[in-house]
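Listed below are the residues making up each chain.
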Amino acid sequence: MQEQRRDLLWRAITEQTGSPGQAIWAESVCHTCVEQLAGVDAAAMTLRASPRAQDMLGASSEWAGHLEQQQYTLGEGPGVRAFTDGSPALVSDLSHDEGRWPGFADAAQSIGAAAVFAFPLRIGGIRLGTLTLYRRQPGALSPSALADAALLVDLITFALLEQAEFSKNAGEEWIRTVGSYQDVNIATGVLSAKLAISLDDALLRLRAHAFQQGRPILELAREILGQRIDVGEFNE
């Protein structure tokens with residue numbers, strides 16, 4: 001039975017339009033996760049290399065994408081924890097976890113998220129990113145949904161690694177994302193140089209300003225790069 005379920009989910013992943021690493025594929029896979037996992041309202045897939053480097057591959061809805069953006073802006077949340085620790089971060093009720101992630105818990109609940117389940121996309125010591133599932137109502141995933149989620153994560157990771165190897169051998173671009181934060185990385189470097197602070201401190205200040213102003217960090221970063229904001233504001 002388990003092998004049949006694995007085959008069914010593998011077909012659901014590999015038969016999607018596009019190739020692993022492309023936005024259209026990732027978005028379709030996120031929709032598949034919502035369809036296959038009982039009690040899940042949305043899903044998002046994000047590649048992560050470090051706390052400063054990530055790209056959202058795709059999401060099942062704009063709502064899920066916004067929740068992923070909140071985690072990056074604030075630098076905290078189940079997805080961040082799952083990638084850092086290399087193990088799932090399962091939050092069945094965000095209202096009970098405000099102490100762990102006060103900024104994200106408040107932001108997520110304010111736009112209707114009540115439960116979050118984040119899984120690292122990893123095989124052994126290789127970590128690619130996270131698959132995060134969102135619910136509008138509090139409550140844990142059922143044992144069968146949790147087992148299927150773990151299986152989907154393994155299959156997605158394998159598909160991404162397989163495509164990465166194929167693209168490398170073919171000399172082709174692998175990742176084509178919908179939510180690149182490259183501009184955030186560049187803006188962080190600009191702040192670091194102009195304020196004579198470390199990259200980590202520069203990112204912290206950028207995140208703090210985005211949070212205080214209630215704006216996406218990517219939007220603020222692009223204003224810095226477009227010289228539409230005085231970087232002196234960040235020297236406080």
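What you are looking at is a predicted structure, and each value in this text was computed from that prediction instead of being measured. (Residues numbered from 1 in each chain as written. Predicted model: local features only at pLDDT ≥ 70, side-chain atom pairs only at ≥ 80, totals over all residues. Heavy atoms only, no water.)

## Quick look at the overall build of the chain
Part 1 of the reasoning: If you tally the helices and strands in the chain, you get nine helices and six strands.
Part 2 of the reasoning: In summary, the chain has a C-alpha radius of gyration of 18 Å against a globular reference of 18 Å for 236 residues, a match within 12%.
Part 3 of the reasoning: Projecting the C-alpha coordinates of the chain onto the three principal axes gives extents of approximately 60 × 45 × 30 Å.
Part 4 of the reasoning: The buried share among the 236 residues of the chain stands at 48%.
Part 5 of the reasoning: When contacts within the chain are restricted to residue pairs at least 6 apart in sequence, long-range pairs at least 24 apart make up 62% of them.
Part 6 of the reasoning: In the chain, 19 side chains carry a positive charge and 29 a negative one; their mean positions are 3 Å apart. (Helix = DSSP H or I, 4+ residues; strand = E, 2+ residues; numbered from the N terminus. Rg over C-alpha atoms; globule rule 2.2 N^0.38 Å. Buried < 20%, exposed > 50% of the residue type's maximum accessible area, 1.4 Å probe, protein only. Contact = heavy atoms within 4.5 Å. Lys, Arg positive; Asp, Glu negative; His and termini not counted. Charge placed at Lys NZ, Arg CZ, Asp CG, Glu CD.)

## Focus on the domain arrangement of the chain
Part 1 of the reasoning: The domain boundaries assigned to the chain delineate domain 1 (1–170) and domain 2 (181–234).
Part 2 of the reasoning: Opposite the ten residues of domain 1 that make contact, domain 2 presents 13 residues.
Part 3 of the reasoning: In total, about 1,100 Å² of surface goes out of reach between domain 1 and domain 2, with carbon and sulfur atoms giving 55% of it.
Part 4 of the reasoning: Where domain 1 meets domain 2, there are zero salt bridges. (Domains from an automatic or database assignment. Buried area = accessible area lost by both parts, 1.4 Å probe. Salt bridge = Lys/Arg side-chain N within 4 Å of Asp/Glu carboxyl O.)

## Describing the pairing of strand β5 (residues 126–135)
Part 1 of the reasoning: By the criterion of burial, β5 is predominantly enclosed, with eight of the ten residues buried.
Part 2 of the reasoning: Inspection of the sheet shows strand β4 (residues 115–123) paired to β5 by nine bridges, in the antiparallel sense. From the neighbouring strand, Ala118 faces β5, where its bridge partner is Thr132. (Pairing = 2+ DSSP bridges.)

## Comments concerning the packing of aromatic side chains
Part 1 of the reasoning: Evaluated as defined, the whole model comprises two aromatic pairs.
Part 2 of the reasoning: Of note, Arg136 hangs over the ring of Trp63, and the distance from its end group to the ring centre comes to 3.8 Å.
Part 3 of the reasoning: Of note, Arg207 hangs over the ring of Tyr72, and the distance from its end group to the ring centre comes to 5.0 Å. (Phe/Tyr/Trp six-rings, centres within 6.5 Å; stacked < 30°, edge-to-face > 60°. Lys NZ or Arg CZ within 6 Å of the ring centre and 35° of its normal.)

## Overview of the packing of helix α7 (residues 182–195) against helix α9 (residues 217–225)
Part 1 of the reasoning: Running from amino to carboxyl end, α7 crosses α9 at an angle of 50°, the nearest separation of the two axes being 8 Å. Relative to α9, the element α7 lies oblique. Crossing of α7 against α9: the hand is left-handed. Of the residues in α9, those touching α7 at Asp183, Val184, Ile186, Ala187, Val190 and Leu191 are Ile217, Leu218, Ala221, Arg222, Ile224 and Leu225.
Part 2 of the reasoning: Along the lines of polarity and charge, the residues of the contact of α7 with α9 split into ten nonpolar, no polar and two charged. (Axes fitted to C-alpha atoms, helices over the stretch in contact; angles between N-to-C directions. Parallel < 35°, antiparallel > 145°, perpendicular 65-115°, else oblique. Left-handed = near helix turned anticlockwise from the far one by under 90°. Nonpolar A, V, L, I, M, F, W, Y, C, P; charged D, E, K, R; others polar.)

## Section: the side chain of Gln70
Part 1 of the reasoning: When you line up the elements, Gln70 lands in helix α3 (residues 62–74).
Part 2 of the reasoning: For Gln70, the contacting residues outside a window of four places in its chain are Phe104 and Ala107.

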